[in-house]
Amino acid sequence: MTTVLVTGGAGFIGSHTCVELLEHDYDVVVVDDFSNSSPQALTRVEKAAGRPIAALHEGDLRDGTLLKRVFESHPIDAVIHFAAKKAVGESVALPLEYYDINVSATTSLLRTMLAHDVHRLVFSSSCSIYGQTETVPLDETEPPSPTNPYARSKWFCENIIADACLRYPELTAVALRYFNPVGAHASGLLGEDPRGVPNNVMPYMMQVAIGRRPELQVFGGDYPTEDGTCVRDYIHVMDVADGHRVALGRLSSGFDVFNLGTGIGTSVLGLVGAFEEACDVTIPARVVERRAGDVPKLIADPGKVAGAWGWRAGHDLHAMVRDAWHFQRLNPDGYETELSLTSGSPS
Ligand code: UD1
């Protein structure tokens, strides 16, 4: 049994990773400030895994006293660091807040880890650090060129962690650069439940499907892609969760980065079509102006992680849309929906 501290454990990817860890006999300690997540997510985690988490500490990672208490209270062996602000548009409006929260939390965490002889870290990074690239597919040798404060904060953190690993050879870390995580836990207990209007296409489409929003606006129909809409590499959130668990077992020395993607591109209209077919629901979709900052195609080259760890994403697009819809149908109001309503398996 190993005790893993999961920062941001109530968030979309954090909560699914907690289930994955609990199911593989890890003890899980969560720190979350619930600024963009719900404590309900952790109740759902425990129900899905059939085991409780070891502890929850509510608070901000920049609070050194809180972190010290966490590390003194539990025999932490490794850390998975998800907690961060993640909305691109908001980061342009609030750059200092993004740098403060994302970067300071990471340095604070690293210092506390080192002070307590905890030397294993998996860091939540993003394909957004590659920026406005035309390379398809993207491997990890692509020079990062982030185009907004959110993406830059992730790139800074990767560098900070790399520098710390150089200075402290006992420290070992990997950064996982996710492409577009979507989907939900197959139980329907856990899924993506953003606060306010969703920025990302999948939760937005789910809210259209359930009738909370009238239509999906497709941002741009004149991109140089097959159907004119942007192409992304969607990856099932349970594959992302699995990737973190596998990464924990692979930490050995130094710092490394890995893409987590499928290597398969899907356009926005392709995603809508896949959803309509798999779930038998019609999505009113209308092509509108492009969204500033979008690139036509972002697809991972998943070869490095496959070569190093033998790891590959196991779920296809059908499973992604089916599981996202299963969660949304059982939880029309997200985690506000009564827990007793949520049971059953996907149709
Ligand atoms: C977004 C983030 C990125 C993050 C990634 C993974 C932005 C600009 N980028 O990437 O930093 O790492 O999620 O979570 O937020 N779309 C629509 N209609 C919508 C919403 C989106 O057509 O209502 C389109 C977008 O133009 C894009 C595609 O759907 O072509 C995917 O968008 P989204 O889900 O926001 O992901 P990314 O922008 O790829």
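This is a predicted model, so every value here is computed, not measured. Residue numbers run consecutively from 1 along every chain, following the written order of its sequence. Totals for whole chains, interfaces and linings use every residue, but because this is a predicted model, local features are given only for residues with pLDDT of at least 70 and side-chain atom pairs only at 80 or more, for both listing and counting. Water and hydrogen atoms were dropped before computing side-chain values, which therefore reflect all heavy atoms in the structure.

Draft legend 1. Inspection of the overall build of the protein chain at higher detail. For the protein chain, the helix and strand inventory stands at eleven helices and 14 strands. Against the compact-globule benchmark of 20 Å for 347 residues, the protein chain has a radius of gyration of 19 Å, which places it among compact chains. For the protein chain, the spread of C-alpha atoms along the three principal axes comes to 55 × 50 × 40 Å. Contacts are assigned to residue pairs with any non-hydrogen atoms lying within 4.5 Å of each other. Taking the contacts inside the protein chain whose residues are at least 6 apart along the sequence as the reference set, 80% of them involve residues at least 24 apart. Only the protein chains shown count as cover for residues, and the accessible areas themselves come from Shrake-Rupley with a 1.4 Å probe. Only carbon and sulfur atoms are counted for the fraction: they give 49% of the accessible area of the protein chain, which is about 14,400 Å². Under the scheme used here, helices are H or I runs from DSSP no shorter than 4 residues and strands are E runs no shorter than 2 residues, and both carry numbers assigned from the N terminus. The globule rule is 2.2 Å times the number of residues to the power 0.38, and the radius of gyration it is compared with is taken over C-alpha atoms.

Draft legend 2. Region of interest: the site of the ligand. What makes a residue near a molecule or strand is one non-hydrogen atom of that residue sitting within 4 Å of it. Around the ligand sit 20 residues in total, of which Ser 126, Gln 217, Arg 232, Arg 291 and Asp 294 are the nearest. Within the side chain of Arg 291, a nitrogen or oxygen atom sits 2.7 Å from an oxygen atom of the ligand. Here a polar contact means two N or O atoms within 3.5 Å. Within protein one must be a hydrogen donor candidate and the other an acceptor candidate, and residues neighboring in sequence count only if both atoms are side-chain atoms. The contact in question runs from an oxygen atom of the ligand to an N or O atom on the side chain of Asp 294, over 2.5 Å. Surface burial for the ligand is 88%, taken as the share of its 730 Å² of free accessible area covered by protein chains. When contributions to the shell around the ligand are tallied by element, the ones reaching two or more residues are β7 (180–182) and β8 (216–219). Counting residues per element, the shell around the ligand draws most heavily on β8, which supplies four residues.

Draft legend 3. Structural detail: the sheet that holds strand β2 (residues 27–32). The pairing criterion for strands is at least two bridges between them, as found by DSSP. Strand order across the open sheet formed by seven strands is β3-β2-β1-β4-β5-β6-β11, with parallel pairing between neighbours. Looking at strand neighbours, the two that pair on one side only are β3 (55–58) and β11 (254–260), the edges of this open sheet. Averaged over all pairs of adjacent strands, the angle between strand axes in this sheet comes to 15 degrees, irrespective of strand direction. Sheet topology places strand β1 (residues 3–7) next to strand β4 (residues 76–81); five bridges connect them, and they run parallel. Each axis is a line fitted through C-alpha atoms, and for a helix only the stretch in contact is used; angles between axes span 0 to 180 degrees, taken between their N-to-C directions.

Draft legend 4. Spatial organisation of the pattern of salt bridges. Every case where a carboxyl oxygen of Asp or Glu lies within 4 Å of a side-chain nitrogen of Lys or Arg is listed as a salt bridge. Counting across every chain of the model gives 14 salt bridges. The partner of Arg 177 in a salt bridge is Glu 158, with the nearest N and O atoms 2.6 Å apart. Placement of the pair is Arg 177 in strand β6 (residues 172–178) and Glu 158 in helix α6 (residues 149–167), with a sequence separation of 19 residues. Glu 215 serves as the salt-bridge partner of Arg 286, at 2.7 Å between the closest nitrogen and oxygen. Within this pair, whereas Arg 286 is found in strand β13 (residues 285–288), its partner Glu 215 is found in the loop between α7 (201–209) and β8, the two being separated by 71 residues in sequence.

Draft legend 5. Broad picture of helix α2 (residues 40–49). Relative accessible area decides the class of each residue, using a 1.4 Å probe on protein chains only: under 20% of the type maximum gives buried, over 50% gives exposed, and in between gives partly exposed. Where α2 is concerned, the buried positions are Ala 41, Leu 42, Arg 44, Val 45, Ala 48 and Ala 49. Each buried residue of α2 lies within a common arc of 155 degrees when the element is viewed along its axis, so the set occupies one face. Directly after α2, the chain includes Gly 50, whose backbone phi takes a positive value near 70 degrees. The arc refers to the directions leading from the helix axis to the C-beta atoms.

Draft legend 6. Structural detail: the pairing of β4. Most of β4 is tucked away: five of the six residues are buried. Alignment of β4 against strand β5 (residues 120–126), held across three bridges, turns out to be parallel. Note that in β5 the partner of Val 79 across the bridge is Leu 121.

Draft legend 7. Focus on the confidence of the model for the protein chain. Summary statistics for the protein chain give a mean pLDDT of 95 and a share of 97% for residues scoring 70 or more. pLDDT: the predictor's confidence for each residue, scored from 0 to 100. Segment residues 340–347 is flagged for pLDDT under 50; beyond a separation of four residues in sequence, or across chains, it makes 17 contacts in the model.

Draft legend 8. Quick peek at the pairing of β1. Along β1, five of the five residues are buried, which leaves the element largely enclosed by surrounding structure. Residues Thr 3, Leu 5 and Thr 7 point to one face of β1 and Val 4 and Val 6 to the other, with burial holding for every one of them. Relative to β2, β1 runs parallel, the two being bridged by five bridges. Residue pairing across strands places Val 6 opposite Val 30, the latter belonging to β2. Running through helix α1 (residues 12–23), the crossover from β1 to the neighbouring parallel element β2 is right-handed. The handedness of a crossover follows from its direction of travel: if, with the strands pointing away from the viewer, the path from the first strand over the helix to the second runs clockwise, the crossover is right-handed.

Draft legend 9. Highlighting the environment of Thr 106. Mapping Thr 106 onto the fold places it in helix α5 (residues 95–115). A relative accessible area of 1% means that Thr 106 is categorised as buried. In the structure, Thr 106 is positioned 22 residues away from Ala 84 in sequence and 9.1 Å away in space, judged by C-alpha atoms. Other than its neighbours up to four places away in sequence, Thr 106 contacts His 81, Phe 123, Cys 157 and Ile 161.

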